[in-house]
Amino acid sequence: MKLWKTERKNEIFQVLSGRNNCFLIPSEKGNMLIDTGLEFAYSSLRKDIEHLHLATGKIDYLILTHTHFDHCRNARAIQAEYGSQIVVGEKEADFVEEGYTPIPKGTFTFTKFLVHIGNKLGSGWFSYEPFSADIRVEDHFNLMDGDLKIDLISTPGHSTGSISIIVDDEIALVGDVMLNMFGDAIFPPFADDIPEMICSWEKLLNTSCRLFLPGHRKEISRELLEQEFQKYARKYHLFEK
């Protein structure tokens, strides 16, 4: 189980990897799980959570970086088993009550083709058990402060209501707004609004974070994000006068 620590000695555990990354942040003020993965991964996710021997046995907050099916199919199960409050971006709160969040657009020729096929298959393939959001994040929400600082910020682009979790102003959990999948490229294969996504990269660079943990694959350094931001800001003619 991979572990990151902030300078304040707060811990971020990776409790699911492979198809999806999920993370758990233990705290005396409330344990936090970030994303849930697909239903077939629930037993593995639960096993890793139990391995941590959480003092209260509860997950106080389930924070969804966004509500695509591969990130929230276990949300209801987690809520039922661990008594969690569910936190989502304001712009996706209505989707979760219907149990379906529209799949994002492809950003490459092949992924555009996959989305075309997905749309033909229909929403049933990408649905999940409906649930309600207990906390809705608009632009910024301070979930915790003190020895452990947790700020939730809106980082749209991959999806309309994507959010990122900023831990101690050092490490950001960013969902699918960036993915380190192909060498040093972080541009995700799916995104609803590319310019908005690149603006979210800038928003994350405006924090003090040194490391970014995505919803799939490996961590991303600040240096790599800065490099990719400059590249794509020029490509899409952003911030030009």
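Here the structure is a predicted model, which is why all the values come from computation and not from measurement. (Residues numbered from 1 in each chain as written. Predicted model: local features only at pLDDT ≥ 70, side-chain atom pairs only at ≥ 80, totals over all residues. Heavy atoms only, no water.)

**Q** How do you make sense of the packing of aromatic side chains when you look at a structure like this?
**A** For any two aromatic rings, the description comes down to two numbers: the centre-to-centre distance and the angle of the planes. Applying the stated criterion across every chain, the model contains seven aromatic pairs. An aromatic cluster of at least three residues, connected via ring pairs, comprises Phe108, Phe187, Trp201 and Tyr232. (Phe/Tyr/Trp six-rings, centres within 6.5 Å; stacked < 30°, edge-to-face > 60°.)

**Q** Where do I start with the packing of helix H1 (residues 42–51) against helix H3 (residues 75–82) in this structure?
**A** Each pair of packed helices can be summarised by the angle the axes make with each other and by the distance between the axes. In the contact formed by H1 and H3, the axes pass within 12 Å of each other and the chain directions differ by 35°. H1 and H3 meet at a crossing whose hand is right-handed. Here Tyr42, Leu45, Arg46, Ile49 and Glu50 of H1 lie close against H3, whose contacting residues are Ala77, Ile78, Glu81 and Tyr82. Each residue belonging to the contact of H1 with H3 can be placed in one class, and the counts come to six nonpolar, no polar and three charged. (Axes fitted to C-alpha atoms, helices over the stretch in contact; angles between N-to-C directions. Helix = DSSP H or I, 4+ residues; strand = E, 2+ residues; numbered from the N terminus. Left-handed = near helix turned anticlockwise from the far one by under 90°. Contact = heavy atoms within 4.5 Å. Nonpolar A, V, L, I, M, F, W, Y, C, P; charged D, E, K, R; others polar.)

**Q** Explain the side chain of asparagine 31 to me, please; I cannot follow it from the model alone.
**A** Along the polypeptide, asparagine 31 turns up in the loop between strand S3 (22–25) and strand S4 (32–34). Separated by 3.4 Å, the side chains of asparagine 31 and threonine 56 make a polar contact. From its side chain, asparagine 31 meets the backbone oxygen of lysine 58 in a polar contact 2.9 Å long. Those residues in contact with asparagine 31 that sit more than four places away from it in its chain are Ile25, Pro26, Leu54, Thr56, Lys58, Ile59, Asp60 and Tyr61. (Polar contact = N/O pair within 3.5 Å; in protein donor to acceptor, adjacent residues only side chain to side chain.)

**Q** Is there a simple way to think about the pattern of salt bridges in this case?
**A** It is possible for side chains bearing opposite charge to pair when their charged atoms get close. All told, the structure shown has 14 salt bridges when counted by the stated rule. Residue glutamate 39 is joined to arginine 73 by a salt bridge in which the shortest nitrogen-to-oxygen separation is 3.4 Å. In this pair, glutamate 39 is assigned in the loop between S4 and H1 and arginine 73 in the loop between helix H2 (69–72) and H3, connecting sequence segments 34 residues apart. Overall, glutamate 39 belongs to the partly exposed group, its relative accessible area being 44%. By sharing partners, the salt bridges in this structure join Glu90, Glu97 and Arg136 into a single network. (Salt bridge = Lys/Arg side-chain N within 4 Å of Asp/Glu carboxyl O. Buried < 20%, exposed > 50% of the residue type's maximum accessible area, 1.4 Å probe, protein only.)

**Q** Just to check I follow, could you spell out the sheet that holds strand S12 (residues 211–214) for this structure?
**A** As a general point, the strands of a sheet are linked pairwise by backbone hydrogen bonds and lie either parallel or antiparallel. A sheet is described by the order of its strands in space; here six strands give the open sequence S8-S9-S10-S11-S12-S13, paired in mixed fashion. At either end of the open sheet lies a strand with only one pairing partner, and these are strand S8 (140–144) and strand S13 (220–221). Pairing geometry for strand S9 (residues 150–154) and strand S10 (residues 163–167), over five bridges, is antiparallel. Bridged to leucine 152 within S10 is isoleucine 165. Its contacts with the sheet place helix H6 (residues 194–205) against S9, S10, strand S11 (171–175) and S12, and it is angled at close to 155° to S9. (Pairing = 2+ DSSP bridges.)

**Q** Looking at this model, I keep getting lost on the layout of surface pockets. Mind explaining?
**A** Unfilled space is identified by rolling a water-sized probe across the atoms. For the largest pocket, the calculated volume is near 580 Å³. As for the largest pocket, its lining consists of 27 residues, of which Arg19, Phe69, Asp70, Leu114 and Phe190 are closest to the centre. Of all the secondary-structure elements, those providing two or more residues to the lining of the largest pocket are H2 and helix H5 (109–121). The element that contributes the greatest number of residues to the lining of the largest pocket is H5, accounting for seven residues. Each residue belonging to the lining of the largest pocket can be placed in one class, and the counts come to 16 nonpolar, seven polar and four charged. Roughly 180 Å³ of volume is contained in the second largest pocket. Contributing to the lining of the second largest pocket are Lys9, Asn10, Glu11, Pro26, Ser27, Glu28, Lys29, Asp147 and Leu148. Partitioned by chemical class, the residues of the lining of the second largest pocket number two nonpolar, two polar and five charged. (1 Å grid on protein atoms, 1.4 Å probe; cavity = no way out; pocket = protein on both sides within 12 Å on 5 of 7 lines; lining within 4 Å. Points joined across faces, edges and corners; volume = space filled by probe spheres on them.)

**Q** Looking at this structure, how should I read the packing of H6 against helix H7 (residues 222–235)?
**A** Contact pair H6 / H7: the axes reach a minimum separation of 10 Å and the direction vectors enclose 145°. H7 is crossed by H6, and the crossing has left-handed handedness. Touching Ile198, Trp201, Glu202, Leu204 and Leu205 of H6 are Arg222, Leu225, Glu226, Glu228, Phe229, Tyr232 and Ala233, all from H7.

**Q** Got a minute to help me understand the side chain of asparagine 180 in this structure?
**A** Within the secondary structure layout, asparagine 180 lies in the loop between S11 and H6. Here glutamate 219 takes part through its backbone oxygen, which lies 3.2 Å from a polar atom of the side chain of asparagine 180. With near-sequence residues (within four places) excluded, asparagine 180 lies in contact with Ala185, Arg217, Lys218, Glu219, Ile220 and Leu224.

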